[in-house]
Amino acid sequence: MDAVNAGKSSASWDAGGTVSLNVEDTRYTESQKDAEYASGYAQYWNGKGQTAPTFGINPGSKGPVHGVFQIPKSEKPTSIWVTSGTAITTIDGAEPGYLIPLT
């Protein structure tokens, strides 16, 4: 997915801990190893000139967010959850965010 920096200064963002790929009511998030793969993928594309929010983008700029999620091969993702906080859940419960249906 692409992320757009709607702020007033440079910002960094990645899918680790802030995005889930969902199959019906089952939520899949990146493991530590998945996040390492996603970072490597972002570094590869950054080296090809495709700047990713992982490394920071300026206001008004957009770039691809790379995520790696382990889901069973037989499953088909139905939605993505993107939190507006720094984690999907905290000690106070689920953070607000956006549920994006996949078609």
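Note that this is a predicted model, so its numbers are computed, not measured. (Residues numbered from 1 in each chain as written. Predicted model: local features only at pLDDT ≥ 70, side-chain atom pairs only at ≥ 80, totals over all residues. Heavy atoms only, no water.)

Overview of helix H1 (residues 32-47)
With 16 residues, H1 should cover 22 Å at 1.5 Å per step; its first-to-last C-alpha distance of 23 Å lies within 8% of that length. Every buried residue belonging to H1 is among Asp34, Ala38 and Ala42, and all of these are buried. Down the axis of H1, the smallest arc covering the buried residues is 75 degrees, so these residues share one side. Residues Gln32 and Gly47 are exposed on H1 and point more than 90 degrees away from its buried face. Directly beyond the C-terminal end of H1, a positive phi value near 95 degrees is found at glycine 49. (Helix = DSSP H or I, 4+ residues; strand = E, 2+ residues; numbered from the N terminus. Expected span 1.5 Å × (residues − 1). Buried < 20%, exposed > 50% of the residue type's maximum accessible area, 1.4 Å probe, protein only. Arc of directions from axis to C-beta.)

Some points on the environment of lysine 8
Examined against the element boundaries, lysine 8 turns out to sit in the loop between strand E1 (2-4) and strand E2 (19-23). For the pair lysine 8 and glycine 60, spaced 52 residues apart in the sequence, the C-alpha separation amounts to 8.5 Å.

Focus: the pattern of salt bridges
Applying the stated criterion across every chain yields a total of 2 salt bridges. With its nearest N and O atoms 4.0 Å apart, the salt bridge here joins lysine 62 to aspartate 2. In this pair, lysine 62 is assigned in strand E4 (residues 62-64) and aspartate 2 in strand E1, connecting sequence segments 60 residues apart. Judged by its relative accessible area of 49%, aspartate 2 falls in the partly exposed class. Measuring nitrogen to oxygen at the nearest pair gives 3.4 Å for the salt bridge that ties lysine 33 to glutamate 36. Taken as a pair, lysine 33 and glutamate 36 lie in helix H1 at a separation of 3 residues, close to a single helical turn. (Salt bridge = Lys/Arg side-chain N within 4 Å of Asp/Glu carboxyl O.)

So, the packing of aromatic side chains
How two aromatic rings sit relative to each other is set out by the distance from centre to centre and by the angle between their planes. Going through the model one piece at a time under the given rule, you end up with 2 aromatic pairs. When the ring of tyrosine 41 is compared with that of tryptophan 45, the centres are 6.2 Å apart and the planes differ by 75 degrees; the resulting orientation is edge-to-face. Residue tyrosine 41 and its partner tryptophan 45 are both found in helix H1; the two are separated by 4 residues, about one turn of the helix. The class for tyrosine 41 is partly exposed, based on a relative accessible area of 45%. Classification of tryptophan 45 as partly exposed rests on a relative accessible area of 28%. Aromatic side chains tyrosine 44 and tryptophan 45 sit 5.1 Å apart centroid to centroid with 85 degrees between the ring planes, which places their arrangement in the edge-to-face category. For tyrosine 44, a relative accessible area of 44% gives the class partly exposed. (Phe/Tyr/Trp six-rings, centres within 6.5 Å; stacked < 30°, edge-to-face > 60°.)

With respect to the sheet that holds E2
With antiparallel pairing, 4 strands are arranged side by side in an open sheet as E3-E2-E5-E8. Here the strands that pair on one side only, and so sit at the sheet edges, are strand E3 (26-28) and strand E8 (97-101). Neighbour-to-neighbour, the strand axes of this sheet turn through a mean angle of 25 degrees, independent of strand direction. Here E2 runs beside E3; their pairing, made up of 3 bridges, is antiparallel. When the bridges of E3 are listed, asparagine 22 appears paired with arginine 27. (Pairing = 2+ DSSP bridges. Axes fitted to C-alpha atoms, helices over the stretch in contact; angles between N-to-C directions.)

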